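Listed below are the residues making up each chain.
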Amino acid sequence: MLRSEGKIGVAELYESYINPGLAKLYRLMGVSSGEARGEGCFLYDEEGRRYIDCVSGYGSLPFGHRPLAVLRAVRDQLERMALSSKVMPGRPAAELAEALAARLPGDLQYSFFCNSGAEAVEGALKLARAATGRTEFVAARGGFHGKTLGALSVSGRERYRAPFYPLLPGVTHVPYGDVKALEKAVTNRTAAVILEPVQGEGGVRVPPEGYLRAVRGICDRTGTLLILDEVQTGLGRTGRWFAMEKENVVPDIVCLAKALGGGVMPIGCFVARPDAARAFWGDPLVHTSTFGGNALAAAAGLATLRFLEEAEIPERVAETGAWLKRQLVRLSAEYPAWIREVRGEGFLLGVEFADEARGGLVMSALVEQGVLTAFALNSHRVVRIEPPLIADRLVLSGVVERWAGVLARLEALVGDADWGAYGDREGSAGEAGRPQEGGEAGADGPGEGSLREALA
Ligand SMILES: Cc1ncc(COP(=O)(O)O)c(C=O)c1O
């Protein structure tokens, strides 16, 4: 059945059977081998080369690869039951819901389990409509909520939206961090405002102080629900259990996924306050998922919450993240022609380059040096540094050293050449004139577009 019998390279298999464009993207990023094994903060490729993983599966590997505490819990559960019959209630899911309610702020209490971040967002949008009887949404430019149609409709980057119009009607995108624009956009038809407390894929953007509190106020005054998407920021990533805690804001619905599976199982969920949640109580089958709440994923979730607490992970991330950011800011001062800004909190850090080409060069040179980083999906000029939450100063010193070495070498090689013509321009002409709900939904920023050109 398997024609390659292990003899064809993984890149060729991707080329022939998955997506040639993706195979090309890997090549452009300087990735020539496949991932073979993971251990803590390290990843080994098929040739046995070791990499420090500073992407962590976009945040889905909070404790690195194969963390024992979660593996054990999942293995134990596997001995009893893996997936649900769906006919009887399952204890692991029920206990995970209880643990989440205890950990989340305010009266966020009722969980719905699914399998990914996008699914969590889909469910949250549906619940908001059902709970308010309203149909419209306000979201932020640059926001990322997943790529299913509903989640994409509230996401704010034209590049990923344009091929799929028409999306959900009645979605207005406003600049992230702008209270006045948001206030103007919310009407008595708005079911919910959906935001990330820190934009991850938007290029690691931290909103101005007081923004989330002000948004909460606008929602309260207008009977609009607030959905906070903590799929990436939740569970320790920003140095707090939840990023929303920075401003003590309690949304009506929160979306979680990624880290909740402890790097072992896929899982997503949305948790709602009673007033919103009750919209799904009359007909509990109005929103369902076959795999959602399965025992293996729930066991992983419980072990994750336990480990986060026992190992005091959020506190450690706050401390080590601040140190790491200082090191990167120091580098940015040494290489101003390359690095525009270093942003973020905890272990969700973004390095904004002068243009996409420079970021790409640094990223592929880092791969050569054994460090994995990645573009932010909605801002290709920003390279994220998102290590596992267990990474310590020793591991991260190795990362900083390699960044310094790569920047020194590249600057000596290409100097501060002006690549404006190559990278610095607004989004491609192909996107112009597409229908957009509520105005511009976040065209590509300056300095972006070269990746797409390279792929063309
Ligand atoms: C904030 C946010 N929401 C939703 C998603 C979508 O999650 P998934 O890729 O699991 O569907 C992501 C993924 O990066 C995300 O960062």
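Computed from a predicted model, the values in this text were never measured in an experiment.

(A) Seen up close, the overall build of the protein chain. Along the protein chain, the regular secondary structure elements total 17 helices and 15 strands. What you see for the protein chain is a C-alpha radius of gyration of 22 Å, in line with the 23 Å of a compact globule of 456 residues. Taking the principal axes of its C-alpha atoms as reference, the protein chain extends roughly 65 × 55 × 50 Å. A total of 456 residues make up the protein chain; the buried ones form 50% of that total.

(B) Examining the nonpolar core more closely. Phe 270 and Ala 300 are the most contacted members of the largest nonpolar core, which has 119 residues in total. With 9 residues, helix 12 (residues 295-310) is the single largest residue contributor to this core. Here this core spans two domains, since at least three of its residues come from each of domain 1 (19-66 + 312-393 + 402-417) and domain 2 (68-310). If we skip the residues at most four places from it in the chain, Ala 300 touches Val 70, Ala 73, Val 74, Gly 261, Gly 262, Val 264, Met 265 and Ile 267.

(C) Structural context of the domain arrangement of the protein chain. Annotation of the protein chain at the domain level lists domain 1 (19-66 + 312-393 + 402-417) and domain 2 (68-310). Placing the centre of domain 1 and that of domain 2 at their C-alpha centroids yields a distance of 26 Å. Contact residues are listed per partner, giving 30 residues for domain 1 and 30 residues for domain 2. Elements that contribute at least two residues to the side of domain 1 that touches domain 2 include exactly helix 3 (56-59), helix 13 (313-334), strand 11 (339-345), strand 12 (348-353) and strand 15 (379-385). Residues belonging to the side of domain 1 that touches domain 2 are distributed by class as follows: 15 nonpolar, 10 polar and 5 charged.

(D) Molecular detail of the pairing of strand 2 (residues 42-45). The sheet contact formed by strand 1 (residues 35-39) and strand 2 spans 4 bridges and is antiparallel. Bridge pairing in strand 2 places Arg 37 opposite Tyr 44. Here strand 1 folds back onto strand 2 in antiparallel fashion, the turn holding 2 residues, of which Gly 40 has a positive phi close to 60°. Sheet topology note: the strand 2/strand 3 (residues 50-53) ladder contains 3 bridges and is antiparallel.

(E) Main features of the sheet that holds strand 2. Spatial strand order, 1-2-3-13: 4 strands in an open sheet with mixed pairing. A strand with exactly one partner marks an edge of an open sheet, and here the two such strands are strand 1 and strand 13 (371-372). Alignment of strand 3 against strand 13, held across 2 bridges, turns out to be parallel. Each residue of the ladder has a partner; that of Ile 52, found in strand 13, is Val 371.

(F) Here's a closer look at the pairing of strand 4 (residues 110-114). Where burial is concerned, most of strand 4 is hidden: 5 out of the 5 residues are buried. With burial as the criterion, each face of strand 4 is covered, one bearing Tyr 110, Phe 112 and Cys 114 and the other bearing Ser 111 and Phe 113.

(G) Focus on the site of the ligand. Surveying the vicinity of the ligand reveals 15 residues, the closest of which are Gly 117, Ala 118, Gly 146, Val 231 and Gln 232. The leading source of residues in the shell around the ligand is helix 6 (residues 117-132), at 3 residues. Within the shell around the ligand, the residues separate by chemical class into 6 nonpolar, 6 polar and 3 charged.

(H) Structural detail: the packing of helix 1 (residues 10-18) against helix 2 (residues 20-28). Running from N to C, helix 1 and helix 2 cross one another at 155°; their axes reach a closest spacing of 7 Å. The angle between helix 1 and helix 2 falls in the class roughly antiparallel. Residues Ala 11, Tyr 14, Glu 15 and Ile 18 of helix 1 pack against Pro 20, Leu 22, Ala 23 and Tyr 26 of helix 2. Each residue belonging to the contact of helix 1 with helix 2 can be placed in one class, and the counts come to 7 nonpolar, no polar and 1 charged.

(I) Broad picture of the sheet that holds strand 6 (residues 171-174). Here 7 strands make up an open sheet; going across it, the order is 4-10-9-8-7-5-6 and the pairing mixed. In the strand order of this sheet, the two ends are held by strand 4 and strand 6, each with one partner. For this sheet, the mean angle separating the axes of adjacent strands, direction not counted, is 20°. Pairing of strand 4 with strand 10 (residues 268-272), which is carried by 5 bridges, proceeds in the antiparallel orientation. Of the residues in strand 10, the one forming a bridge with Ser 111 is Val 271.

(J) How the structure looks around helix 4 (residues 68-80). Here helix 4 is 13 residues long and its end C-alpha atoms lie 19 Å apart, about the 18 Å a rise of 1.5 Å per residue gives. Of the residues making up helix 4, those classed as buried are Val 70, Ala 73, Val 74 and Gln 77. Along helix 4, the residues classed as buried sweep out an arc of 95° about the axis, all on the same side. Turned more than 90 degrees away from the buried face of helix 4, the exposed residues are Leu 68, Arg 75, Asp 76, Leu 78 and Glu 79. Each element contacted by the buried residues of helix 4 is listed here: helix 5 (91-103) and helix 12.

(K) Inspection of the environment of Gly 203 at higher detail. Here Gly 203 shows up in the loop between strand 7 (190-195) and helix 10 (211-222). Overall, Gly 203 belongs to the buried group, with 26 C-beta atoms counted inside 10 Å. Spatially, the C-alpha atom of Gly 203 lies 8.4 Å from that of Val 351, the residues being 148 residues apart in sequence. In this view, Gly 203 contacts Gly 142, Gly 350, Glu 352, Ala 376, Asn 378, Ser 379 and Val 382; residues no more than four positions away in its chain are not counted.

(L) Local environment of the environment of Val 174. Following the sequence through the fold, Val 174 ends up in strand 6. With 25 C-beta atoms packed within 10 Å, Val 174 lands in the buried category. Remark: the alpha-carbon pair of Val 174 and Arg 381, spanning 207 residues in sequence, is separated by 21 Å. Contacts of Val 174, omitting those with residues within four sequence positions, involve Val 138, Ala 140, Arg 141, Ala 181, Leu 182 and Ala 185.

Thresholds, definitions, all that
Residues numbered from 1 in each chain as written. Predicted model: local features only at pLDDT ≥ 70, side-chain atom pairs only at ≥ 80, totals over all residues. Helix = DSSP H or I, 4+ residues; strand = E, 2+ residues; numbered from the N terminus. Rg over C-alpha atoms; globule rule 2.2 N^0.38 Å. Buried ≥ 20, exposed ≤ 12 C-beta atoms within 10 Å, placed from the backbone. Core = buried A, V, L, I, M, F, W, Y, C linked by C-beta atoms within 7 Å. Domains from an automatic or database assignment. Contact = placed C-beta atoms within 7 Å. Nonpolar A, V, L, I, M, F, W, Y, C, P; charged D, E, K, R; others polar. Pairing = 2+ DSSP bridges. Near = placed C-beta within 6 Å. Axes fitted to C-alpha atoms, helices over the stretch in contact; angles between N-to-C directions. Parallel < 35°, antiparallel > 145°, perpendicular 65-115°, else oblique. Expected span 1.5 Å × (residues − 1). Arc of directions from axis to C-beta.

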